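Summary of the model geometry
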Amino acid sequence: PDWRSNTAGDCANSITTAYRIKVDECGRLWVLDTGTVGIGNTTTNPCPYAVNVFDLTTDTRIRRYELPAVDTNPNTFIANIAVDIGKNCDDAYAYFADELGYGLIAYSWEQDKSWRFSAHSYFFPDPLRGDFNVAGINFQWGEEGIFGMSLSPIRSDGYRTLYFSPLASHRQFAVSTRILRDETRTEDSYHDFVALDERGPNAHTTSRVMSDDGIELFNLIDQNAVGCWHSSMPYSPQFHGIVDRDDVGLVFPADVKIDENKNVWVLSDRMPVFLLSDLDYSDTNFRIYTAPLATLIENTVCDLRNNAYGPPNTVSIPKQAVLPVGPPLYTKQYRPVLPQKPQTSWASSPPPPSRTYLPANPGNVVSSISVSTNTVGPAGVEVPKAYIFNQHNGINYETSGPHLFPTLQPAQTGRQDG
């Protein structure tokens, strides 16, 4: 809020290094302070990792929380923050990605307390994905673990899904905030985390954000681009799109955000050029872009108006430029304007080829997308049914929801052999 509050090394009263910021819907600005000064071998840590929270209506700091030593380790580098608001502004949690210490830290606003999840291999880098190419520079960041994070809208059980990726990885992972909010689950939650598919080649990402209707945007630092995915669809390359690419202006799009008016904001800073090469200080190196979300996803696979019928648009193929309109090749109207987003469901169909390793599924229709009216979850939060369940990606936090495979019935007892 003022110059005095940015005095390096004044731990209790100031911000030393503001590494990530996040504004929540309660009018609070969360500032992640890494407490570091310098770069490379000159780096020192005069202050501990901390989060500073400011009231944007009064421009005053209302809380400072230092991460305790038990939540960090000698390799810790907190690279990102996600803020989860539940049924009210006090029901708030922040999640911190420990990129080099390979952990995920949860903080409760109401309890003013944090705890660490560290016993999971999904936080680690992929040893096959440590090679990077940005702005013509080839380099290796093979040790970079969990980094980018996004939160889904609130689901029918009153919780969100946290999506995350290690930086040295092309894969996304997911976990319910029901697990992260529970301090008792730090050591026994391995199987509650879900591995999704890979995004495809050249798909390293450091930043991601999800809109309140389930559209995730993420930077693609190898491609000088910003990608998209609609979370109601499978997390596979054919359902990933490119919303913008610029080999000059989007060299290292470091952060992506969506504001309350559904405008997208992207900051690019050419960081690898600064770190590993020679930055031209006479050139424009830092840029801020903004555009409406609806404009960016139009005619991509993330636009559900075209999702059921449109052509593939993967992370390797940017959105094509609009060509001049010529005489129509076909005059028949094949596809009328959709009155609402298409519904996808698994209806009854002819049985598949015979398989003997699973019993036949006698169940009813399993719907993966619903545009029905809202419901109220157990936590008292009204949520759209569109986020009840995502069977495509194996994510299911419903106590009574359908499952991927039929339940095996126990063998009957007391059977007489003839």
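This one's a predicted model, so the numbers in the text were calculated from it and none came from an experiment. (Residues numbered from 1 in each chain as written. Predicted model: local features only at pLDDT ≥ 70, side-chain atom pairs only at ≥ 80, totals over all residues. Heavy atoms only, no water.)

A word on the overall build of the protein
Each helix and strand counted, the protein has four helices and 25 strands in total. Out of the 418 residues belonging to the protein, those deemed buried represent 48%. Long-range contacts, defined here as pairs at least 24 residues apart, represent 51% of the contacts in the protein between residues at least 6 apart. (Helix = DSSP H or I, 4+ residues; strand = E, 2+ residues; numbered from the N terminus. Buried < 20%, exposed > 50% of the residue type's maximum accessible area, 1.4 Å probe, protein only. Contact = heavy atoms within 4.5 Å.)

Examining the pattern of salt bridges
Per the stated rule, a full pass over the model turns up 19 salt bridges. A salt bridge links Glu66 to Arg64; the shortest N-O distance between them is 2.6 Å. Arg116 is the partner of Asp98 in a salt bridge, and the nearest nitrogen-oxygen pair spans 2.9 Å. With Asp98 in strand E6 (residues 92–98) and Arg116 in strand E8 (residues 113–117), this residue pair connects regions lying 18 residues apart in the sequence. The pair Asp98 / Arg116 is uniform in exposure class, with both members buried. Connected through shared salt-bridge partners, Glu25, Asp84, Lys87, Asp91, Arg160 and Arg181 make up one network. (Salt bridge = Lys/Arg side-chain N within 4 Å of Asp/Glu carboxyl O.)

Here's the deal with the side chain of His170
Of note, His170 is situated in the loop between strand E12 (161–166) and strand E13 (171–176). For His170, a relative accessible area of 7% gives the class buried. Among the polar contacts made by the side chain of His170, one reaches the main-chain carbonyl oxygen of Gly200 at a distance of 3.2 Å. Polar contacts involving the side chain of His170 include one to the main-chain amide nitrogen of Ala203, which spans 3.5 Å. Sequence-distant contacts of His170, that is, excluding residues within four places in its chain, are made with Arg129, Asp197, Glu198, Arg199, Gly200, Pro201, Asn202, Ala203 and His204. (Polar contact = N/O pair within 3.5 Å; in protein donor to acceptor, adjacent residues only side chain to side chain.)

Considering unusual backbone geometry
Even without glycine at this site, Asn202 takes up a positive phi of about 50°. Summarising the element assignment, Asn202 is placed in the loop between strand E14 (194–198) and strand E15 (208–210). Its identity as a non-glycine residue notwithstanding, Phe252 has a phi of 60°, on the positive side. With respect to the helices and strands, the residue Phe252 is situated in the loop between strand E18 (240–245) and strand E19 (253–258).

What about the side chain of Ser211?
Along the chain, Ser211 turns up in the loop between E15 and strand E16 (215–220). Reaching out from Ser211, the side chain makes a polar contact with the side chain of Asp213 at a distance of 2.3 Å. Setting aside anything within four residues of it in sequence, one finds Ser211 in contact with Pro153, Ile258 and Leu293.

Overview of the sheet that holds E14
Each strand in a sheet pairs with its neighbour through backbone hydrogen bonds, running either in the same direction (parallel) or in the opposite one (antiparallel). The four strands are arranged E11-E12-E13-E14 in an open sheet whose pairing can be described as antiparallel. With partners counted over all chains shown, the strands left at the sheet margins are strand E11 (146–151) and E14, one partner each. Each neighbouring strand pair of the sheet contributes to a mean axis angle of 25°, computed without reference to strand direction. In the sheet, E13 pairs with E14 via three bridges, with the strands oriented antiparallel. Residue Ala174 lies in a different strand from E14, and its bridge partner there is Val194. (Pairing = 2+ DSSP bridges. Axes fitted to C-alpha atoms, helices over the stretch in contact; angles between N-to-C directions.)

Some words on the state of the cysteines
Scanning all chains against the criterion turns up three disulfides. Here Cys26 connects covalently by a disulfide to Cys89, the sulfurs 2.0 Å from one another. Linking Cys26 and Cys89, the disulfide has an S-S dihedral of approximately -95° and is accordingly described as left-handed. Within this pair, whereas Cys26 is found in the loop between strand E1 (18–23) and strand E2 (28–33), its partner Cys89 is found in the loop between strand E5 (78–85) and E6, the two being separated by 63 residues in sequence. Since its relative accessible area comes to 34%, Cys89 is described here as partly exposed. Sulfur-sulfur distance for the disulfide between Cys228 and Cys302 comes to 2.0 Å. Measuring the twist about the S-S bond at about 100°, one finds the Cys228-Cys302 disulfide to be right-handed. Separated by 74 residues along the polypeptide, Cys228 in strand E17 (residues 225–230) and Cys302 in the loop between helix H3 (293–297) and helix H4 (304–307) bring together distant segments of the chain. Judged on exposure class, the residue Cys228 and its partner Cys302 are both buried. Here the cysteine-cysteine linkages of the protein are recorded as 1-3, 2-4, 5-6, numbering only bonded cysteines and doing so in sequence order. (Disulfide = S-S within 2.5 Å.)

Considering the sheet that holds E17
Taken in spatial order, the four strands line up as E15-E16-E17-E18 in an open sheet, and their pairing is antiparallel. Sheet topology places E15 and E18 at the edges, where each strand pairs with a single neighbour. When strand polarity is set aside, the average angle formed by the axes of neighbouring strands in this sheet is 25°. Inspection of the sheet shows E17 paired to E18 by five bridges, in the antiparallel sense. Bridge pairing links Cys228 to Gly241 in E18.

Re the pairing of strand E4 (residues 60–66)
Where a strand is regular, its side chains alternate between the two sheet faces. Looking at chain direction, strand E3 (residues 50–55) and E4 are connected through six bridges and run antiparallel. Residue Val51 lies in a different strand from E4, and its bridge partner there is Tyr65. Here E3 folds back onto E4 in antiparallel fashion, the turn holding four residues, of which Asp59 has a positive phi close to 55°.

A closer look at the confidence of the model for the protein
Atom-level detail of predicted coordinates should not be read off regions where pLDDT is low. In the predicted model, the protein carries a mean pLDDT of 82, and 73% of its residues have values of at least 70. The model gives residues 341–350 a pLDDT under 50, and that stretch makes 21 contacts with residues more than four places away or in other chains. Here residues 352–374 scores under 50 on pLDDT; set against residues more than four positions off or in separate chains, the count is 36 contacts. (pLDDT = per-residue confidence, 0-100.)

Details of the environment of Thr184
Considering the arrangement of structural elements, one finds Thr184 in the loop between helix H1 (177–180) and E14. Using a relative accessible area of 62% as the deciding quantity, one classes Thr184 as exposed. Separated by 69 residues in the primary sequence, Thr184 and Trp115 place their C-alpha atoms 9.3 Å from one another. Polar side-chain contacts of Thr184 include one of 2.6 Å to the side chain of Asp182.

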